[in-house]
Amino acid sequence: MTPDFRRLIEEESRGTLAPAAAAVLAFARWRALTGEAGVDADSAKAALDRILDAAEPNDWLPLTQLARQVGEAFIREFMRHSLAHGLNETRAQIRALETEPRQPSPSRRRGRRM
């Protein structure tokens, strides 16, 4: 099945595009799959990253419906990218925590203070 993004583009122009659909469309634009002229891949990637970073778990529920529209293979590719993006973000957060100076832990010694 060849993905068809016309309906998503129409919904976007009406302002009715849900977050999952917006992410799928941004991914397709980044990959130059929509057939639109003059799409800036870097802007599409930035939009995709913003959507992925802001999305809530319930935002992804419509992916099943989107798979019927753009094809399961495309949705699988999109999900692989989304998971890799999330993993990279988590790794960056871990690195940031590891480079933060540690706060000294309070002493647990018992006894009298002098």
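Predicted model, so just to flag it, every value in this text is computed and none were measured.

Rules used in this analysis
Residues numbered from 1 in each chain as written. Predicted model: local features only at pLDDT ≥ 70, side-chain atom pairs only at ≥ 80, totals over all residues. Heavy atoms only, no water. Phe/Tyr/Trp six-rings, centres within 6.5 Å; stacked < 30°, edge-to-face > 60°. Helix = DSSP H or I, 4+ residues; strand = E, 2+ residues; numbered from the N terminus. Buried < 20%, exposed > 50% of the residue type's maximum accessible area, 1.4 Å probe, protein only. Lys NZ or Arg CZ within 6 Å of the ring centre and 35° of its normal. Salt bridge = Lys/Arg side-chain N within 4 Å of Asp/Glu carboxyl O. Axes fitted to C-alpha atoms, helices over the stretch in contact; angles between N-to-C directions. Parallel < 35°, antiparallel > 145°, perpendicular 65-115°, else oblique. Left-handed = near helix turned anticlockwise from the far one by under 90°. Contact = heavy atoms within 4.5 Å. Nonpolar A, V, L, I, M, F, W, Y, C, P; charged D, E, K, R; others polar.

**A look at the packing of aromatic side chains**
Next, step 1: Evaluation of the coordinates by the stated rule reveals 5 aromatic pairs.
Next, step 2: Here Phe5 and Phe74 contribute two aromatic rings whose centre-to-centre distance is 5.1 Å and whose plane-to-plane angle is 70 degrees, an arrangement assigned as edge-to-face. Here Phe74 lies in helix H5 (residues 72-99) and Phe5 lies in the segment before helix H1 (6-14), a separation of 69 residues in the sequence. The pair formed by Phe5 and Phe74 is uniform in burial state, with each residue classed as buried.
Next, step 3: Cation over ring: Lys45 sits above Trp30, and NZ or CZ is 5.1 Å from the ring centre.

**Concerning the pattern of salt bridges**
Next, step 1: All told, the structure shown has 7 salt bridges when counted by the stated rule.
Next, step 2: Two residues, Glu36 and Arg29, come together in a salt bridge whose shortest N-O distance is 2.7 Å.
Next, step 3: Ionic contacts of the salt-bridge type, sharing partners, join the residues Glu12, Arg29 and Glu36 into one network.

**Re the packing of helix H2 (residues 19-30) against helix H4 (residues 63-70)**
Next, step 1: In the contact formed by H2 and H4, the axes pass within 10 Å of each other and the chain directions differ by 40 degrees. Taken together, the axes of H2 and H4 lie oblique to each other. Our pair here, H2 against H4, has a crossing hand that is right-handed. Along the contact surface, H2 presents Ala20, Ala21 and Val24, while H4 presents Leu63, Leu66 and Val70.
Next, step 2: Considered class by class, the residues forming the contact of H2 with H4 number 6 nonpolar, no polar and no charged.

**Quick notes on unusual backbone geometry**
Next, step 1: Unusually for a residue other than glycine, Ala32 sits at a positive phi of about 60 degrees.
Next, step 2: In this structure, Ala32 sits in the loop between H2 and helix H3 (41-54).

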